[in-house]
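A structural walkthrough
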Amino acid sequence: SAALRDYAAELQKITTFGDDAIVSAQSQLLTFKSLGGDVLPRATMAMLDLATKMKGDLQGAVVQLGKALENPISGITALTRSGVSFSDSQKEVIKHLVETNRLSEAQNLILAEMETQFGGSAVAARDTFGGALKGLQNTISDLMEGKGGGLTGATQAVNDLSAALTDPDIQQGAANITTMVLTLIKWSALGAKGV
């Protein structure tokens, strides 16, 4: 779990996807039982590249990639609809690998083809003005969540201020001060006018 979160945090720095969204997607990938832990980092990057090509649809990319890695023979059909091309010979090799209980090799072949066709898409998307803004938004979201303890004290101070401002005595005092300031401004304006 900690390793997934650390990897997601690193990917957030170089893609437009937030670390929470990446961890959630990784967790979904892990629900596909035949996906080995050794394939997960590579599958995660492939998923982000595919999602980028799918205009940011991370959920759709998880499902398509997960199905393709879980059941490569039928799963590559969905990937083909998303733009990943497999030659007839590649399809035959994948089928043969699955039929001879070499699922991991079939998965690696699928990931290799995705890397060839889409590899680097998620990183390239971050290296645009819109991508930089999205990255900034992710960083600000992390700050607002208080990740790393940076805003924990500030959050408490804002909560304390909010509680103080709802106190009836404070509200009456603020009303009195406002009335005094407005009266002072009125008399100053009248004095400047020479009245």
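Residues numbered from 1 in each chain as written. Predicted model: local features only at pLDDT ≥ 70, side-chain atom pairs only at ≥ 80, totals over all residues. Heavy atoms only, no water.

1. Observations regarding unusual backbone geometry
One non-glycine residue, lysine 55, lies in positive phi territory at about 60°. Turning to its location among the elements, lysine 55 is positioned in the loop between helix H3 (40-53) and helix H4 (58-70). (Helix = DSSP H or I, 4+ residues; strand = E, 2+ residues; numbered from the N terminus.)

2. A short note on the side chain of arginine 126
Within the secondary structure, arginine 126 sits in helix H8 (residues 121-126). Comment: no salt bridge for buried arginine 126; closest opposite-charge side chain is aspartate 127, at 7.8 Å. What arginine 126 contacts, discounting residues up to four positions off in sequence, is Gln12, Lys13, Ile14, Thr15, Thr16, Gly131, Ala132 and Gly135. (Buried < 20%, exposed > 50% of the residue type's maximum accessible area, 1.4 Å probe, protein only. Lys, Arg positive; Asp, Glu negative; His and termini not counted. Salt bridge = Lys/Arg side-chain N within 4 Å of Asp/Glu carboxyl O. Contact = heavy atoms within 4.5 Å.)

3. Here's the deal with the packing of aromatic side chains
Counted by the stated rule, this structure contains 0 aromatic pairs. One cation-aromatic arrangement involves lysine 186 over tryptophan 187; the distance from NZ or CZ to the ring centre is 5.3 Å. (Phe/Tyr/Trp six-rings, centres within 6.5 Å; stacked < 30°, edge-to-face > 60°. Lys NZ or Arg CZ within 6 Å of the ring centre and 35° of its normal.)

4. Some points on the environment of leucine 29
For leucine 29, the location among the structural elements is in helix H2 (residues 19-29). Overall, the relative accessible area of 0% leaves leucine 29 in the buried class. As for leucine 29 and phenylalanine 17, which are separated by 12 residues in sequence, their C-alpha atoms are 16 Å apart. Contacts of leucine 29, omitting those with residues within four sequence positions, involve Leu35, Leu40, Ala43, Thr44, Met47, Val62 and Gly66.

5. Re helix H9 (residues 129-145)
Taking 1.5 Å per residue as the helical rise, H9 with its 17 residues ought to reach 24 Å, and the 24 Å between its terminal C-alpha atoms agrees with that figure. Residues of H9 that are buried include every one of Gly131, Gly135, Asn138 and Asp142, and no others. Axial view of H9: buried residues confined to an arc of 55°, hence all on one face. Along H9, exposed side chains directed more than 90 degrees from the buried face belong to Phe129 and Met144. (Expected span 1.5 Å × (residues − 1). Arc of directions from axis to C-beta.)

6. Notes on the nonpolar core
Side chains of a nonpolar character, in soluble globular proteins, are inclined to be buried together. In terms of nonpolar packing, the biggest core is built from 37 residues, with Met47 and Leu48 touching the most fellow members. Among the secondary structure elements, those contributing two or more residues to this core are helix H1 (2-14), H2, H3, H4, helix H5 (72-81), helix H6 (88-99) and helix H7 (103-118). Those residues in contact with leucine 48, other than ones at most four positions away along the chain, are Leu11, Thr15, Phe17, Ile22, Leu58 and Ala122. (Core = buried A, V, L, I, M, F, W, Y, C linked by side-chain atoms within 4.5 Å.)

7. Comments concerning the side chain of glutamine 107
Take glutamine 107: it is sitting in helix H7. One polar contact links the side chain of glutamine 107 to the main-chain carbonyl oxygen of leucine 69, over a distance of 2.8 Å. Those residues in contact with glutamine 107 that lie beyond four places of it in its chain are Ser34, Leu35, Val39 and Leu69. (Polar contact = N/O pair within 3.5 Å; in protein donor to acceptor, adjacent residues only side chain to side chain.)

8. Regarding the pattern of salt bridges
Within the structure shown, the criterion is met by 4 salt bridges. Its salt-bridge partner being glutamate 10, residue lysine 13 comes within 3.3 Å of it at the nearest N-O pair. Placement of both lysine 13 and glutamate 10 in helix H1 is noted, with a separation of 3 residues, approximately one turn of the helix. When its relative accessible area of 44% is taken as the criterion, glutamate 10 is described as partly exposed.

Function cannot be inferred from these measures alone, as they are strictly geometric.
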